[in-house]
Amino acid sequence: MSRHNITGSEAFDRAPYILIRGVRPSGRHRRRARHLLASAILFGTLAGLGGTAVALMVAGVI
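In this report, we go over the structure that sits alongside the text.

Cut-off values and rules
- Within each chain, residues carry numbers counting from 1 in the order of the written sequence.
- Residues qualify for local features only when their pLDDT is at least 70, as the model is predicted, and side-chain atom pairs are given and counted only at 80 or more; totals for whole chains, interfaces and linings, by contrast, use all residues.
- The basis for every side-chain value is the complete set of non-hydrogen atoms in the structure, without hydrogens or water.
- Helix and strand definitions follow DSSP, with helices as H or I runs of at least four residues and strands as E runs of at least two, each counted in order from the N terminus.
- Computed with a 1.4 Å probe, the accessible areas rest on the Shrake-Rupley method; for each residue, only the protein chains presented here act as cover.
- Note on contacts: a residue pair is in contact if any heavy atoms of the two residues lie within 4.5 Å.
- Note that patches include only residues with greater than 30% relative accessible area and no salt bridge, and the join distances are 9 Å for like charges and 5 Å for nonpolar side chains (Val, Leu, Ile, Met, Phe, Trp, Tyr).
- What counts as a salt bridge is simple: a side-chain nitrogen of Lys or Arg found within 4 Å of a carboxyl oxygen of Asp or Glu.
- Positive residues here are Lys and Arg, negative ones are Asp and Glu, while His and the chain termini are left out of the count.
- For this purpose, a charge sits on NZ of Lys, CZ of Arg, CG of Asp or CD of Glu.
- Each residue's exposure class comes from its accessible area (1.4 Å probe, protein chains only) as a fraction of the maximum for that residue type: buried when under 20%, exposed when over 50%, partly exposed otherwise.

Topic: the overall build of the protein
- The number of helices and strands found in the protein is one helix and zero strands.
- Put simply, the protein shows about 6500 Å² of open surface, and 63% of that area lies on carbon and sulfur atoms.

Some remarks on the environment of Ile-62
- Take Ile-62: it is sitting in the segment after helix H1 (27–59).
- Excluding anything up to four places from it in sequence, Ile-62 contacts Ala-53, Leu-56 and Met-57.

Structural notes on a positive patch on the surface
- A cluster of basic residues, Arg-28, Arg-30, Arg-31, Arg-32 and Arg-34, forms a positive patch on the protein surface.
- Given a relative accessible area of 55%, Arg-34 falls into the exposed group.

Structure representation (structure tokens):
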């Protein structure tokens, strides 16, 4: 049984076979990633501060 998947004239084509290994993300993807990271840090910080305030209220400090 053959393990190759060659169809049509591909077997006899003289052009080199090129694989695209990876494409760098565009600027839009980088900006979106930075925005999501900044939002995650901001909301994480706010959640931590809110949790601390609630814990202090429960403890009777505030």
